[in-house]
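Residue strings, one per chain:
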Amino acid sequence: MKRATPLIFSNPRAKRVCFDKDNGKVSSFKPDAVPENHFHLGGHNYAVISDFADVARIHLRRYKLDATGSLLPTKDGITVTPSVWLALIRQFSAIDQAFDDGKVFVIKLSRTVIENVTYIICQRYFQRKDFSRKFLTPVSMLKETEWKVLKDIQKQITSKTVSIMFGRVFLKLLRKEVAKHIPFPNPDYDCIDPEIVLTTSMVELLSDHIQENISSLFICYGCLEGYENQLGHECMTYSNEQRISNYGDLAILNMDWDKLVADFVNRNIQMVNYISEIFLNKLNMNVLIENAKQMYVATDSLLLL
């Protein structure tokens, strides 16, 4: 392995990183009071999920202790969108081999040894007009043990990202879309029947979009290898329950939020006045997602009837 020059992480003048740019708050916390959307990888490295400008983001970030004993985010790390995170975790199984092959995914990954400690370096890049790659300066350096923790908790990070995207981003987009169809504010109605109809419609649409995205994400190794025996094809043998277990959260991350919002409003255009703040505040997006997944799983049974 190539030995690199040691890097100094604890730069006392490192600029603070602000995850909540709307109000300018710095994301600081005590080591014994880790916030909900933060995942400790080891040392001062954390995986953090935030949302800004209607986009959820995943940060692999190094923190530092200040004079008060609080942890503050530094610029040592990378920030990725859900689509980049999706591309990364879909390649986790192949990444170890990629280190040796020198392949570059959405993120450049490499190993280096510093003072007899092996680190995994993650570095974002963008593609120039001439198709060459420009690698960005901020990098995330994780020890091998921290990299293993990241792989072990990838589903937790994905699930939390899904929750944020629905609980904040999706509802924000829905409010904007509804506002286009209501030129003047209408009084809120606390009507049970419209709520049931709208909630059921939401679950059905979620299930349809999940099914569509699972179909696009599903990998059948039997098809890739050209197996003649259909029993060797996951596309033939996998139940919907297996598909939702392996691809459910990824399908939601890969969802076209604008299309989902537009489909929901257009389907319920006659009831758009009932998509009020009272209705939106009552929505439990985690429950809706679970119901949509169960509806998708149930289609297996319906096909057998």
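Residues numbered from 1 in each chain as written. Predicted model: local features only at pLDDT ≥ 70, side-chain atom pairs only at ≥ 80, totals over all residues. Heavy atoms only, no water.

Draft legend 1. The arrangement of the pairing of strand β1 (residues 38–42) in detail. Burial analysis of β1 places 4 of its 5 residues in the buried class, the great majority of the element. Relative to strand β2 (residues 45–52), β1 is paired through 4 bridges, and the arrangement is antiparallel. Bridging from a neighbouring strand, G42 pairs with N45 of β2. Linkage of β1 to β2, two consecutive antiparallel strands, is achieved through a turn of 2 residues, within which G43 is found at a positive phi near 60°. (Buried < 20%, exposed > 50% of the residue type's maximum accessible area, 1.4 Å probe, protein only. Helix = DSSP H or I, 4+ residues; strand = E, 2+ residues; numbered from the N terminus. Pairing = 2+ DSSP bridges.)

Draft legend 2. Main features of the sheet that holds strand β4 (residues 71–80). Across the sheet, which stays open at both edges, the 4 strands sit in the order β1-β2-β3-β4 with antiparallel pairing between neighbours. Looking along the sheet, the strands with just one partner apiece sit at the ends: β1 and β4. Adjacent strand axes in the sheet meet at a mean angle of 35° when their direction is disregarded. The strands that helix α3 (residues 144–152) touches are β1, β2 and β3 (55–65); relative to β1, the one it contacts most, it runs at about 145°. (Axes fitted to C-alpha atoms, helices over the stretch in contact; angles between N-to-C directions. Contact = heavy atoms within 4.5 Å.)

Draft legend 3. View of the environment of T299. By the element assignment, T299 lies in helix α11 (residues 285–304). On the basis of relative accessible area, T299 is assigned to the partly exposed category, the value being 24%. A distance of 2.7 Å separates the side chain of T299 from the side chain of N240, its partner in a polar contact. One polar contact links the side chain of T299 to the main-chain carbonyl oxygen of Y296, over a distance of 2.5 Å. (Polar contact = N/O pair within 3.5 Å; in protein donor to acceptor, adjacent residues only side chain to side chain.)

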